[in-house]
Amino acid sequence: MINYSVFMMGNPVNIDAAPKAYAKPQISEIMPFGKFVKHIADHNGVFTRGTVKGVIADMCECLIEMLLEGKKVQLAELGNFWLSLTSEGAESLKQFTEGNINAVNIVFTPGEDFENLRSRATFNVVSSRIAQAATLKAEKSGEGTVDLDAARGRTSSDNAGENAAKL
């Protein structure tokens, strides 16, 4: 199940557009590599954690090697990996040098198994992390109410302007 919170966000392309409500997923756990390897090993039962870890580590090493050789690597259902470059522009082709290249980025496009996770997902709306933290703080200190505006760093004058803009 995917926990998510809803936030009002402006349009970065059109700053004059009214903010709209958007969902943001809340990560429930950061799964370290070792725990993920154990999960895979427990699923298959045939391969040990050491074997799974070794195969994944070798795959990553080989993936980097192939990408740095300029290859696009297709990993079947997982997806495709290739490189893109970020660079500073030069005044002319002649003036452009390797020094203009700032970053080498890995691009990933999902394969068939990852293309439409929406059809397989279930959702659960939850309070924002800020609201959760404020509620916990209030409970621990024995308070009966929570000031969400204060938790968000807003003042009452911020809200007056927002409410006037809504009218």
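Residues numbered from 1 in each chain as written. Predicted model: local features only at pLDDT ≥ 70, side-chain atom pairs only at ≥ 80, totals over all residues. Heavy atoms only, no water.

Trainee: It is not clear to me how a negative patch on the surface should be interpreted in this structure. Could you clarify?
Mentor: Residues Glu77, Glu112, Asp113 and Glu115 make up a contiguous surface patch of negative charge. When you line up the elements, Glu115 lands in helix α3 (residues 112-115). Judged by relative accessible area, Glu115 falls into the exposed class, the value being 59%. (Patch = residues over 30% accessible without salt bridge, like charges linked within 9 Å, V, L, I, M, F, W, Y side chains within 5 Å. Areas by Shrake-Rupley, 256 points an atom, 1.4 Å probe, with all protein chains shown as cover. Salt bridge = Lys/Arg side-chain N within 4 Å of Asp/Glu carboxyl O. Lys, Arg positive; Asp, Glu negative; His and termini not counted. Charge placed at Lys NZ, Arg CZ, Asp CG, Glu CD. Helix = DSSP H or I, 4+ residues; strand = E, 2+ residues; numbered from the N terminus. Buried < 20%, exposed > 50% of the residue type's maximum accessible area, 1.4 Å probe, protein only.)

Trainee: Would you explain the sheet that holds strand β2 (residues 20-25) in this entry?
Mentor: Each strand in a sheet pairs with another by means of backbone hydrogen bonds, the pair being arranged parallel or else antiparallel. Taken in spatial order, the 3 strands line up as β2-β1-β6 in an open sheet, and their pairing is mixed. The two strands at the open ends of the sheet, each matched to only one other strand, are β2 and β6 (123-125). Strand-to-strand twist in this sheet, taken as the mean axis angle between neighbours without regard to direction, amounts to 40 degrees. Summarising the sheet, strand β1 (residues 2-9) and β2 pair through 6 bridges and their orientation is antiparallel. The partner of Met9 across the bridge, within β2, is Lys20. (Pairing = 2+ DSSP bridges. Axes fitted to C-alpha atoms, helices over the stretch in contact; angles between N-to-C directions.)

Trainee: For this particular structure, what's the right way to read helix α2 (residues 49-68)?
Mentor: Along an α-helix, a turn takes 3.6 residues, which lines up residues three or four apart on a common side. Taking 1.5 Å of rise per residue, the 20 residues of α2 would be expected to cover 28 Å, and the 29 Å separating its terminal C-alpha atoms lies within 8% of that figure. Burial in α2 covers these residues: Val52, Leu63 and Leu67. Projected down its long axis, α2 carries its buried residues within an arc of 30 degrees, all on one side. Structural note: α2 exposes Gly50, Asp58, Glu61 and Leu68 on the side pointing more than 90 degrees away from its buried face. (Expected span 1.5 Å × (residues − 1). Arc of directions from axis to C-beta.)

Trainee: Explain a nonpolar patch on the surface to me, please; I cannot follow it from the model alone.
Mentor: Together, Ile64, Leu68, Leu85, Phe96, Ile101 and Val104 make up an exposed nonpolar region whose accessible area comes to about 560 Å². At the level of elements, α2 and β5 (101-110) are the ones that each hand at least two residues to the nonpolar patch. The residue Phe96 is located in the loop between β4 (79-87) and β5 in this model. Overall, the relative accessible area of 36% leaves Phe96 in the partly exposed class.

Limitation: the analysis is restricted to geometry and does not speak to function.
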